[in-house]
Amino acid sequence: KEASDIYELFTDTLIDEVLKGNEVMLTGFGSFSLKLHKGHPIKFIAKEKSSMAEYLVLKFTASNTLSKRLRKCENNQILIQKIKESDDNNKEWEWN
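Residues numbered from 1 in each chain as written. Predicted model: local features only at pLDDT ≥ 70, side-chain atom pairs only at ≥ 80, totals over all residues. Heavy atoms only, no water.

J.: So what's going on with helix α1 (residues 2-19)? Residues and values would help.
T.: In a regular helix each residue adds 1.5 Å, so 18 residues correspond to 26 Å; α1 covers 26 Å between its end C-alpha atoms and thus fits that length. Buried residues along α1 sit in contact with β1 (24-26), β2 (30-37) and β5 (55-62). Of the residues trailing α1, G21 is marked for its positive phi of about 95°. (Helix = DSSP H or I, 4+ residues; strand = E, 2+ residues; numbered from the N terminus. Expected span 1.5 Å × (residues − 1). Contact = heavy atoms within 4.5 Å.)

Pasting the structure below:
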């Protein structure tokens, strides 16, 4: 219960801050911010044309510390292979 409350407080605070336009930085982990994706035309199979309006997404940028740690991970090549396979098969992968 306590961990759930902490998680909920963290995510609520994170969302509130990025919606205010602030960048949320977690030292040694990374930062979260909003990014605007531009609108673009969409072409459907039936040759109908439509457009996607611009929209906001939450962007995460890993810190240098986290990035270096991930590169030094013992299972690095195994994880890379799993990600490639899941991308090829268009499915999610699991941590083992």
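J.: Can you explain the pattern of salt bridges? Please cite residues and give values.
T.: Under the defined criterion, the tally for this structure stands at 2 salt bridges. Close ionic contact of D5 with K1 constitutes a salt bridge, the shortest N to O distance being 3.3 Å. K20 is the partner of E17 in a salt bridge, and the nearest nitrogen-oxygen pair spans 3.2 Å. (Salt bridge = Lys/Arg side-chain N within 4 Å of Asp/Glu carboxyl O.)

Nothing here speaks to function; it is all geometry.
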